[in-house]
Amino acid sequence: MIKAVVAGAAGRMGKRLVALLHEDPRFQVVGALERPGHADLGRDAGEVAGTGPIGIAVTDEIDTLLPGAQVVFDFTAPAAAMAHLEAASRRGVAMVVGTTGLS
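The model shown is predicted, which means the values in this text are computed figures rather than measured ones.

Sorry if this is basic, but what is going on with the overall build of the chain here?
For the chain, the count of helices and strands is 4 helices and 5 strands. Taken from the N to the C terminus, the helices and strands of the chain come in the order β-α-β-α-β-α-β-α-β. In terms of C-alpha radius of gyration, the chain reaches 12 Å, essentially the compact-globule figure of 13 Å for 103 residues. With respect to the three principal axes, the spread of C-alpha positions in the chain is 35 × 30 × 20 Å. Sorting the 103 residues of the chain into buried and exposed places 44% on the buried side. Of the roughly 5500 Å² of accessible surface on the chain, 54% is carried by carbon and sulfur atoms.

Okay, here's the thing in structure tokens:
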């Protein structure tokens, strides 16, 4: 089972990813990340995604999500994606970046 973190979990693509990963037996959602101050912080990521509770709270602390994670799916903003990439790289966690606007 691949342990995944979704960055941008309350956005349009992030919600869809949370739902799809939760439904796929090959994946386990182990983290959901949003920007500081986001209205959905603390809420269950499955409820935010519209699939019902999955037991994963949305947080703004990527460093607490990376231990045990194998991949981060990132659909955020360019600056945030680069910060997440640096954090994941330090811990040897793979990333899939769908963020647009990178130079």
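Would you take a moment to explain the environment of Leu102 for this structure?
Checked against the element boundaries, Leu102 lands in the segment after β5 (94-97). For Leu102, a relative accessible area of 40% puts it in the partly exposed group. Sequence separation between Leu102 and His84 is 18 residues, and the spatial gap between their C-alpha atoms is 13 Å. Once you skip the residues sitting within four places of it in the chain, Leu102 turns out to touch Pro78, Met82 and Val97.

The rules behind these values
- Residues numbered from 1 in each chain as written.
- Predicted model: local features only at pLDDT ≥ 70, side-chain atom pairs only at ≥ 80, totals over all residues.
- Heavy atoms only, no water.
- Helix = DSSP H or I, 4+ residues; strand = E, 2+ residues; numbered from the N terminus.
- Rg over C-alpha atoms; globule rule 2.2 N^0.38 Å.
- Buried < 20%, exposed > 50% of the residue type's maximum accessible area, 1.4 Å probe, protein only.
- Areas by Shrake-Rupley, 256 points an atom, 1.4 Å probe, with all protein chains shown as cover.
- Contact = heavy atoms within 4.5 Å.

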